[in-house]
Amino acid sequence: MSIEALIALFRENANEAAAKPMDAYMKHQFIHLGIKTPVRRELMKSFLKEYPLQKEWIPMLWELPEREFQAAAVDMLTLMKKRLTGDDLPLVERLITTKSWWDTVDALAAHIAGEIFRKDEAARRDYVERWMESDNMWLNRTAILHQLTYKANTDEALLYRCVLRHAESKAFFHQKAIGWALRTYAKVNSESVKAFVDSHELKPLSRREALKHF
């Protein structure tokens, strides 16, 4: 199977000395091969010259223990994002809710889920509403962050609704996402964000992050 060639290529390029600080940076949530992002992407680029990209590789890479394989899966999804549709959202949700941490979730939110929702408004309504109300923090974070690349096309009402749904949360990853989403939208509508922050009770971290560039 062709994906085994990529797995072998990654393992051949493992760097134990580099892996230890990478494990520490990720709070020891995962183990690493020690392959830094530029090297990982060069290895994958070399692999893809020989093997055409296959969606079926994504869940296979996700099951492997080393974090570089989940990162490669996200990179692959990003390469094929123009081909993704609402039918791919169950897979995206599975990736968000398994082996969850900010590195994969944030990329999936902005560059994968966000791109699918840009093309499929019905799927966006269904999924964002459900993710916003979910007991899973990472789905909440995805709902908050999925419009990061929308700029002037941001659905302001939806953004603010997602923010307010979790504005009282004590979770760092909720608070940080709220601040990030508001700060990003402020680049295209600063007056609206400033008025929103001034008129709603937000956690100090969220408020600070939202107003960082004011």
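The structure we're discussing is the one just above.
Computed from a predicted model, the values in this text were never measured in an experiment.

Cut-offs and rules
- Position numbers for residues count from 1 along each chain, tracking the sequence in the order it is written.
- Under the rules for a predicted model, residues below a pLDDT of 70 receive no local features and side-chain atom pairs below 80 are neither given nor counted, while totals for whole chains, interfaces and linings still include all residues.
- Only heavy atoms go into the side-chain values, all of them from the structure, while hydrogens and water stay out.
- Grouping buried Ala, Val, Leu, Ile, Met, Phe, Trp, Tyr and Cys residues that are joined through side-chain atoms within 4.5 Å yields what is termed a nonpolar core.
- The buried label applies to any residue whose accessible area, calculated with a 1.4 Å probe on protein chains only, is under 20% of its type's maximum; exposed applies above 50%, and partly exposed to all values in between.
- Only runs of H or I of at least four residues qualify as helices and only runs of E of at least two qualify as strands under DSSP, and these elements are numbered from the N terminus.
- Contacts between residues were defined by any pair of non-hydrogen atoms, one from each residue, lying within 4.5 Å.
- The criterion for an aromatic pair is that two Phe, Tyr or Trp rings (for Trp, the six-membered ring) have centres within 6.5 Å, with stacked assigned to planes under 30 degrees apart, edge-to-face to planes over 60 apart and tilted to the rest.
- Our definition puts a charge over a ring when NZ of Lys or CZ of Arg is within 6 Å of the ring centre and also within 35 degrees of the ring normal.
- Structural elements are reduced to axes, namely lines fitted to C-alpha atoms, with helices fitted over the stretch in contact, and the angle between N-to-C directions of any two is expressed from 0 to 180 degrees.
- Any angle from 65 to 115 degrees is called roughly perpendicular, while one under 35 is roughly parallel, one over 145 is roughly antiparallel, and all others are oblique.
- A crossing counts as left-handed when the near helix is turned anticlockwise from the far one by less than a right angle, and as right-handed when that turn is clockwise.
- Put simply, Ala, Val, Leu, Ile, Met, Phe, Trp, Tyr, Cys and Pro go in the nonpolar bin, Asp, Glu, Lys and Arg in the charged bin, and everything else, Gly too, in the polar bin.
- Any carboxyl oxygen of Asp or Glu that lies within 4 Å of a side-chain nitrogen of Lys or Arg is treated as forming a salt bridge with it.

Q: So, the nonpolar core: which residues are in play, and what are the values?
A: The biggest cluster of nonpolar side chains holds 70 residues, and the ones touching the most others in it are L61, M76, W131 and L182. Counting residues per element, this core draws most heavily on helix α7 (residues 102-119), at 9 residues. Filtering out sequence-adjacent residues up to four positions away, L182 remains in contact with L159, Y160, V163, V193, F196, V197, L202 and A210.

Q: Quick rundown of the environment of R94? Include the residues and the values.
A: Relative to the elements of secondary structure, R94 occurs in helix α6 (residues 89-97). Under the relative-accessibility criterion, R94 is labelled partly exposed at 37%. Distance in space between the C-alpha atoms of R94 and W62 is 10.0 Å, their sequence separation being 32 residues. Aside from chain neighbours lying at most four places away, what touches R94 is P59 and E63.

Q: Describe the packing of aromatic side chains, naming the residues involved and giving the relevant values.
A: Here the structure, examined in full by the defined rule, presents 12 aromatic pairs. Ring centres of Y127 and W131 lie 5.4 Å apart, and the angle between their planes is 75°; this geometry places the pair in the edge-to-face category. Taken together, the positions of Y127 and W131, both in helix α8 (residues 121-133) and 4 residues apart, correspond to about one turn of that helix. The class for Y127 is buried, based on a relative accessible area of 15%. Judged by its relative accessible area of 0%, W131 is buried. A connected cluster of aromatic rings, assembled from ring pairs, spans W101, W138, F172 and F173. The ring of F30 has R67 sitting right over it, with the charged end atom 3.7 Å from the ring centre. The ring centre of Y127 lies 4.9 Å from the NZ or CZ of R130, which sits over that ring.

Q: Outline unusual backbone geometry, supporting the account with residue identities and numerical values.
A: Phi at K27 takes a positive value of approximately 60°, unusual for a residue other than glycine. Tracing the chain through its elements places K27 in the loop between α2 (16-25) and α3 (37-48). Residue classification places K27 among the exposed positions, given a relative accessible area of 60%. With a phi angle near 60°, H28 is a residue other than glycine that sits in the positive phi range.

Q: Can you lay out the packing of helix α10 (residues 156-165) against helix α11 (residues 172-186) for me, pointing to particular residues and giving the numbers?
A: At a minimum axis separation of 10 Å, α10 and α11 run at an interaxial angle of 160°. Our classification of the angle between α10 and α11 gives roughly antiparallel. Along this stretch, α10 crosses α11, giving a crossing that reads as left-handed. Residues E156, L159, Y160 and V163 of α10 lie in contact with α11, whose contacting residues are I178, A181, L182 and Y185. Across the contact of α10 with α11, the residue classes tally to 7 nonpolar, no polar and 1 charged.

Q: Now, about the pattern of salt bridges: what can you tell me, with residues and values included?
A: Overall, the coordinates contain 16 salt bridges when judged by the stated rule. R130 is paired through a salt bridge with E93; the nearest N and O atoms lie 2.8 Å apart. Taken together, the residues span a long stretch of sequence, with R130 in helix α8 and E93 in helix α6 at a distance of 37 residues. Residue R130 is classed as partly exposed on the basis of its relative accessible area, which comes to 41%. When salt bridges with common partners are traced through the structure, they connect K176, R183, E209 and K212 into a single cluster.

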